[in-house]
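# Residue-level structural notes
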Amino acid sequence: MNEIIAFVKANCSDKNKIRSVGFFPLLLTATFLCVPSSGDQFTSVSRADRFLSLFSIIRFKNAMCSGPSGLSGTCYTYKSCVKNGGRATSSCANGYGTCCVTRLSCGGRTTNNCTYIESPNYPDFFNEARTCVQTISLNSDACQVRLDVTEVNLVGPDSKGNCNNDVLKFSQDIKWTQVCGITRNTHFYLDVDPTVSGTLDFTFTTDGTSFNRRWRIKVSQICCTKLSMAPMGCGQYFTSTTGSITGWNSQGNPDFYLSGQNYAICLRQELNTCSTTYLETTPSGNSFYPVCGDTLEWPGVHQANTVTQKDETCKPGGAFAFFSPVEPYTIQQQGPHYFYFVTKDTSNEHTRIGTSADNINIQYTQNSC
Ligand SMILES: *[C@@H]1O[C@H](CO)[C@@H](O)[C@H](O)[C@H]1NC(C)=O
């Protein structure tokens, strides 16, 4: 029986390497290369060695796998999984790996791909002031981090979109300088540079305000070479033919949009579709009008309107300077579609007409040709 004695590496080549030897322990150095994978799920090489007798190298993809309770994991060796704070569940890669589910609580740190960062004792709520830092050690060839937000429940912003009570901050990227409020079932992308800092920290700070807080975000590291990368600068990237676009605090009550945001919302026009229809789903039926100084720029509005200058919407002191498109509107435009959402303003009320709050809620459908 060979004993697996070493190995280790979660890297962008999608492979874990195991060396199993007859007798001698063998120390290996880990490689961090983002080379394209061969596509082979499983390769086995055996050779005779003068000193080590027979040893074999087994490689397998660090593929995504399904763990218990609907959680995703990554196929790693048992040792690599546990060493990096994961929990070994079912086996994968013909038994050479384990579906490694990693859940990080406050103060946690991991290199594991596909890690859930969670509030203390999730799904229990907590209600107290604390600072909670959760750290992802970045692969040296990761360019992006994708956040799949199951939920973030924090105290919401004031009516100017400022997070004065609870706040989530990221140590890299400047798309969102602050996050708070309630956000569910959406995703975001952060651009990261491991040469600037090898880690991405999520710092949650809560204050003494009485509120039931909790969060769960799945964090995946995206290799620079991967087709699954979002175009750089896209804070969200939608790649299905229908979907719903929401932002941070879109499920808040009130759902004031946040200040300190600057990102593009990007959509890929899928093969064999020729147009896209956009429709807002704000409860009152009103379109989303950020205050002036802030902007939501829609894709293709020049096609959707007869009135000029409609590619920016904002509301200076209650009078509309620009208008959002008349909805639903359908544009025929191949190539990616971009919304630009920039909220620099920290002093104006982030209200719709009158005093009610507002945020992004847009449905889209790509239509076949
Ligand atoms: C992390 O997982 C995602 C999804 O399976 C994959 O696309 C990406 O390449 C993985 N990243 C690394 C660093 O292995």
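Described in the following lines is the structure provided in the data block. (Residues numbered from 1 in each chain as written. Predicted model: local features only at pLDDT ≥ 70, side-chain atom pairs only at ≥ 80, totals over all residues. Heavy atoms only, no water.)

## Observations regarding the environment of serine 220
For clarity, the cut-off: We count a stretch as a helix when DSSP gives it H or I for four or more residues in a row; a strand needs E for two or more, and each element gets its number in order from the N terminus. Should any heavy atoms of two residues lie within 4.5 Å, those residues are considered in contact.
Mapped onto the elements, serine 220 comes out in strand β16 (residues 214-223). Once the C-alpha coordinates of serine 220 and arginine 146 are considered, the two residues, 74 residues apart in sequence, prove to be 5.2 Å apart. Sequence-distant contacts of serine 220, defined by excluding residues within four places in its chain, comprise Asn113, Cys114, Gln144, Val145 and Arg146.

## Quick look at the nonpolar core
Nonpolar side chains tend toward joint burial in soluble globular proteins. As a reminder, the rule being used: Residues grouped as a nonpolar core are buried Ala, Val, Leu, Ile, Met, Phe, Trp, Tyr and Cys residues, joined through side-chain atoms within 4.5 Å. Exposure is judged per residue with a 1.4 Å probe applied to protein chains only, and the accessible area is read against the type maximum: over 50% gives exposed, under 20% gives buried, and values in between give partly exposed. Domain limits in this description derive from either an automatic procedure or a database domain assignment.
Counting residues in each nonpolar core, the largest one holds 48 residues, and the members touching the most others are Phe170 and Phe202. Among the elements that make up this core, the one with the highest residue count is strand β12 (residues 142-153) (four residues). Counting contributing residues per domain, this core is built from domain 2 (105-226) and domain 3 (230-369), each supplying no fewer than three. Contact partners of phenylalanine 170, with chain neighbours within four places excluded, come to Leu147, Trp176, Val179, Leu190, Leu200, Asp201, Phe202 and Trp248. If you look at the next biggest cluster of nonpolar residues, it comprises nine residues, including Tyr189, Cys234, Tyr237 and Ala264.

## Regarding the state of the cysteines
We apply this condition: Throughout, disulfides are identified as pairs of cysteine sulfur atoms within 2.5 Å of each other.
If you walk through the whole model with that rule in mind, you get eight disulfides. What pairs with cysteine 75 in a disulfide is cysteine 92, and their sulfur atoms sit 2.1 Å apart. Handedness of the cysteine 75-cysteine 92 disulfide follows from its S-S torsion of about 100°: it is right-handed. Of this pair, cysteine 75 sits in strand β6 (residues 72-76) while cysteine 92 sits in strand β7 (residues 87-92); the two residues are 17 residues apart in sequence, bridging distant segments of the chain. The class of cysteine 75 is buried, set by a relative accessible area of 4%. In this model cysteine 234 forms its disulfide with cysteine 266; the gap between the sulfur atoms is 2.0 Å. Between cysteine 234 and cysteine 266, the S-S dihedral sits near -90°, and the bridge is therefore left-handed. Note that cysteine 234 is positioned in strand β17 (residues 234-238) and cysteine 266 in strand β19 (residues 261-267), a separation of 32 residues in sequence. Accessibility classification places cysteine 234 together with cysteine 266 in one group, the buried group.

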